[in-house]
Amino acid sequence: MIDINNNVIFNSVDNGIIILDKELNILAWNRWLEILTYKKEADVINKNICELYENINEKKLKRKVKSVLVTNNPSFYNVDQNRYLIKIPVESITNSIYKYMQQNITIVPYDKDKELVCLFIYNTTNLRETNHKLELLNEELVEMTHRDPLTKLSNRRYFSMQSKKIQSYSKRNDTCLSLIVLDIDKFKNINDTYGHLVGDEVIIHIARALEKNLRDSDIISRFGGEEFVVLLQDCSIENAYLVAEKIREYIEKAEVIIDENTTIKYTVSLGVAKFDEQKDNDNLEQTFARADEALYEAKTSGRNKVVKAK
Amino acid sequence: MGKNLIDLNEDERDCLQELMNIAYGEATAAISKIIDKFATLNIPVINTVTSEGLLKHLNEKIVENGNYFIANQLIHGNISGENLFIIDEKSSYNLTKEFGLEDDEIDDDEIKDVVLEITNIISSVTSGKLASLIDASISFSSPNIKRVTNIKEFNDGFDKSYENIIIISTELNFEDEHIKGELIILSKNESSEYLRESISQFLEDL
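The written sequence of each chain sets the order in which its residues are numbered from 1. Here every chain gets a letter starting at A, and every ligand a number starting at 1, in the order they are written. Local features in a predicted model are, by the rule used here, given only for residues with pLDDT of at least 70; side-chain atom pairs are given and counted only at 80 or more, and totals for whole chains, interfaces and linings are based on all residues. Water and hydrogen atoms play no part in the side-chain values, which are based on all heavy atoms of the structure.

### Focus on the overall build of chain B
Elements are defined by DSSP. Helices are runs of H or I of four residues or more, strands are runs of E of two residues or more, and each kind is numbered from the N terminus. Of the regular secondary structure elements, chain B holds six helices and eight strands. Each helix and strand of chain B, placed in order from N terminus to C terminus, yields the pattern α-β-β-α-β-β-α-α-β-β-α-β-β-α. Relative to the 2.2 N^0.38 estimate, which gives 17 Å for 206 residues, the radius of gyration of chain B is 17 Å and therefore close to what a compact globule would have. Each principal axis of the C-alpha distribution contributes one length, and for chain B these read about 55 × 35 × 25 Å. C-alpha atoms define the radius of gyration, and 2.2 Å times the number of residues to the power 0.38 defines the globule rule.

Set out below in structure tokens:
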């Protein structure tokens, strides 16, 4: 036991202080810890800290203590998974995100000759709570920026960001990249006949149909109104055509149930194009323009069909 | 404002290189002791660049869609600034194994913890040794870490006021693994001036 009980700083500071030997035996335990853990110094002295607190990773703490003794510099315990070293319940009614006090630990050399280190325990609960709330808000913001609120599919902005990354990956790995542009046939009639709420149901229906018929790696996006765009990675124009045809058939056979007496059937037209570095001037926007032209051709030549771009 | 690091003459530059070799050697010895394994260090390649040069260097190093950890640690005192340690995912995984973790124990948090620890050791021992060689007093903040997959993620928070940057590229060789990492020491003009004057004094005292 190290007699620092009369040290004013040791016992009045608003942090936990522990002195450990290199085998992790406790040699001093300050008043802050006595109060918060309900453990008197006499109860913990000469006990191994890992036996008192089984959550502590002994191998890791020993390594950090050794690091402090070898380098004669501080070591820090601040990675996310080490939320606390000493289990101290948080007794807060207004803030209950964390069950236990979140802590940062700094280990510093105390007596190099006797191979002793000092652990400072800082309460970071409030900081982590604030960070946690900010992270949640940030996630919500990203979601709002990248998602179409009606269908929960990605929006044009996200599509544009992702497609640049995918295009560069595709070029580097020399793989095919294809694009499908899809539009609901005579959507105005659905809206005019059944109203916009039913129109929204049809939009949602098509979003789920696309998710059902496409791979996780494909980027499905609602570009606005009744227009959807799909980017198919590692996919030739022939395969993209087959995928588009599968979607067309699936939707042609499906029914949107509005209520007990009303179901709606609808069809879609699709344009398909493969990214061609030379033809598209290395610009995926050009591929989109060609797929859009093919879609226009599908519409003007009778609808409910798939047309490959030239 | 005096001369910055980039203006070091040949003797001063050689002296800095030698001091950094000693300091980095001490960090390697510390790592060997801590993990009880023999580790060697290739003679580090040392370059001094401006912030623009650093971004160019990182742009070449950080391959788009690769996975890297960048840990940073603030240094306070006469040679204040910031140390960065950059390591790719494969090297950081190998490093975690060298620190005694088994495959089934390794996850992202454990890797981050080990990278933070090695950053703390390399950064504090290297800077600490350099400080003691030139009679400077310094202290360290706890290091932070982030995973980056492209240079933009690093650029977003980059403070361009660090004009004097030392890049130490090296490879740590353990018994079984080769681990590539890079320590980047960033210092602001006041500290660079202190460092330059200290190097000059060091040469005079020889």
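Back to the write-up after that little detour.
### Looking at the interface of chain A and chain B
The contact definition used throughout considers only heavy atoms, calling two residues in contact when any of these lie within 4.5 Å. Between chain A and chain B, the contact holds 19 residues from the first and 27 residues from the second. Two parts placed together each lose some accessible area under a 1.4 Å probe, and adding up what both lose gives the buried area. Regarding the contact of chain A and chain B, the summed buried area is about 1,900 Å², with carbon and sulfur atoms giving 49% of it. The term salt bridge refers to a pairing of a side-chain nitrogen on Lys or Arg with a carboxyl oxygen on Asp or Glu at a separation within 4 Å. Scanning the region where chain A abuts chain B turns up eight salt bridges. Residue A:Arg63 pairs with B:Glu117 through a salt bridge whose shortest N-O separation is 3.1 Å. In protein, a polar contact means a hydrogen-donor-capable atom and an acceptor-capable atom, both N or O and within 3.5 Å, with residues adjacent in sequence counting only if both atoms are side-chain atoms; elsewhere, any N or O pair within 3.5 Å suffices. The interface formed by chain A and chain B includes nine residue pairs in polar contact (both at pLDDT 80 or more). Of all the secondary-structure elements, those providing two or more residues to the side of chain A that touches chain B are helix 5 (58-71) and strand 3 (75-77) of chain A.

### A closer look at helix 11 (residues 284-300) of chain A
All names here are of chain A. The span one expects for a helix is its residue count, reduced by one, times 1.5 Å. Between its first and last C-alpha atoms helix 11 spans 24 Å; for 17 residues at 1.5 Å apiece the expected length is 24 Å, and the two agree. In this structure, the buried residues of helix 11 make contact with helix 7 (156-173), strand 6 (177-184), strand 7 (219-224), strand 8 (227-233), strand 11 (268-274) and strand 12 (306-308). The opening residue of helix 11, the one whose side-chain oxygen lies 2.9 Å from the backbone nitrogen of Glu285, is Asn283. Positioned one or two residues after helix 11, Gly302 has a phi angle of 125 degrees, which is positive.

### Notes on the side chain of A:Ser154
Residue and element names in this part refer to chain A. Inspection of the secondary structure puts Ser154 in the loop between helix 6 (125-146) and helix 7. By relative accessible area, which is 3% here, Ser154 ends up buried. Here Ile220 takes part through its backbone oxygen, which lies 2.8 Å from a polar atom of the side chain of Ser154. Apart from residues lying up to four places away in sequence, Ser154 is in contact with His146, Arg147, Asp148, Ile219, Ile220, Ser221 and Arg222. Burial classes: relative accessible area under 20% of the type maximum marks a residue as buried, over 50% as exposed, and values in between as partly exposed (1.4 Å probe, protein chains only).

### What to know about the UniProt feature "domain: Chemotaxis phosphatase CheX-like" (unreviewed entry) in chain B
UniProt positions are given in the numbering used here, feature names are shortened, and annotations may be inferred rather than shown by experiment. The UniProt entry lists residues 72-144 of chain B under the feature "domain: Chemotaxis phosphatase CheX-like" (unreviewed entry), expressed in the numbering used here. Between the first and last C-alpha atoms of residues 72-144 of chain B the distance is 5 Å; the span itself is 49% helix and 25% strand.

### Digging into the nonpolar core
Only buried residues count toward a nonpolar core, which is a set of Ala, Val, Leu, Ile, Met, Phe, Trp, Tyr and Cys residues joined through side-chain atoms within 4.5 Å. Ranked by internal contacts, the top residues of the largest apolar core, which has 43 residues, are B:Ile31, B:Leu95, B:Ile122, B:Ile168 and B:Phe174. Taken together, the elements giving at least two residues each to this core come down to helix 1 (10-35), strand 3 (68-77), strand 4 (81-88), helix 4 (108-133), strand 7 (164-173), strand 8 (178-187) and helix 6 (189-205) of chain B. Those residues in contact with B:Ile168 that sit more than four places away from it in its chain are B:Met20, B:Tyr24, B:Pro44, B:Val45, B:Ile46, B:Glu182, B:Leu183 and B:Ile185. Grouped together as the second largest cluster of nonpolar side chains are 31 residues, A:Ala209, A:Ile264, A:Leu270 and A:Val306 included.

### Some words on the packing of aromatic side chains
All names here are of chain A. Aromatic pairing here means that ring centres of Phe, Tyr or Trp (its six-membered ring) are within 6.5 Å. Orientation follows from the plane angle: under 30 degrees is stacked, over 60 is edge-to-face, and everything else is tilted. The final tally for this structure, using the stated rule, is four aromatic pairs over all chains. Ring centres of Tyr84 and Tyr100 lie 5.4 Å apart, and the angle between their planes is 55 degrees; on these two criteria the pair is classed as tilted. Of the two residues, Tyr84 sits in the loop between strand 3 and strand 4 (103-111) while Tyr100 sits in the loop between strand 3 and strand 4, which places them 16 residues apart along the sequence. A relative accessible area of 24% means that Tyr84 is categorised as partly exposed. Ring geometry for Phe223 and Phe288: centres 5.4 Å apart, planes at 35 degrees, overall tilted. Residue Phe223 is located in strand 7, and its partner Phe288 is located in helix 11; the two are separated by 65 residues in the primary sequence. Phe288 carries the same exposure label as Phe223, and that label is buried. A connected cluster of aromatic rings, assembled from ring pairs, spans Phe159, Phe223 and Phe288.

### A look at the sheet that holds strand 12 of chain A
Residues and elements named next belong to chain A. When DSSP locates at least two bridges between a pair of strands, those strands are taken to pair. Taken in spatial order, the five strands of this open sheet run 7-8-6-11-12, and their pairing is mixed. The open sheet is flanked by strand 7 and strand 12, the only strands paired with a single partner. Within this sheet the neighbouring strands show an average axis-to-axis angle of 20 degrees, counted without direction. Relative to strand 8, strand 7 runs antiparallel, the two sharing five bridges. Looking at strand 8, one finds that Gly224 is bridged to Glu227. Where helix 9 (residues 196-213) meets the sheet, it contacts strand 6, strand 7, strand 8 and strand 11, and its direction lies at approximately 155 degrees from that of strand 6. Working convention: axes come from line fits to C-alpha atoms, limited for helices to the stretch in contact. Angles between N-to-C directions cover 0 to 180 degrees.

### With respect to the UniProt feature "domain: GGDEF" (unreviewed entry) in chain A
Cross-referencing UniProt, the feature "domain: GGDEF" (unreviewed entry) maps to residues 175-310 of chain A in the present numbering. The span residues 175-310 of chain A is 44% helix and 28% strand, and its two end C-alpha atoms sit 20 Å from each other.

### Things to note about a negative patch on the surface
Negative charge collects at one region of the surface, where B:Glu10, B:Asp11, B:Asp14 and B:Glu18 lie side by side. Looking at where B:Asp11 falls in the secondary structure, it is placed in helix 1. Residues qualify for a patch when their relative accessible area is over 30% and they have no salt bridge, like charges being joined within 9 Å and the nonpolar side chains of Val, Leu, Ile, Met, Phe, Trp and Tyr within 5 Å. Note that accessible areas follow from Shrake-Rupley with a 1.4 Å probe, and for residues the cover is restricted to the protein chains shown. Positive charges are assigned to Lys and Arg, negative charges to Asp and Glu, while His and the chain termini are left out of the count. In this description, the location of a charge corresponds to atom NZ of lysine, CZ of arginine, CG of aspartate or CD of glutamate.

### Description of the environment of A:Tyr169
Relative to the elements of secondary structure, A:Tyr169 occurs in helix 7. Sequence separation between A:Tyr169 and A:Gln233 is 64 residues, and the spatial gap between their C-alpha atoms is 9.6 Å.

### Observations regarding the sheet that holds strand 3 of chain A
Sheet strands line up and pair through hydrogen bonds in the backbone, either parallel or antiparallel. All names here are of chain A. As summarised here, the arrangement of the five strands in space is 2-1-5-4-3, forming an open sheet in which the pairing is antiparallel. Looking at strand neighbours, the two that pair on one side only are strand 2 (26-29) and strand 3, the edges of this open sheet. The mean angle between the axes of side-by-side strands here comes to 20 degrees, regardless of whether they run parallel or antiparallel. Taken together, the three bridges between strand 3 and strand 4 define a ladder with antiparallel strand orientation. Among the inter-strand pairings, Ser75 is bridged to a residue of strand 4, identified as Ile107. In this fold helix 5 packs onto strand 1 (16-21), strand 3, strand 4 and strand 5 (116-123), with an angle of close to 155 degrees to the strand it touches most, strand 3.

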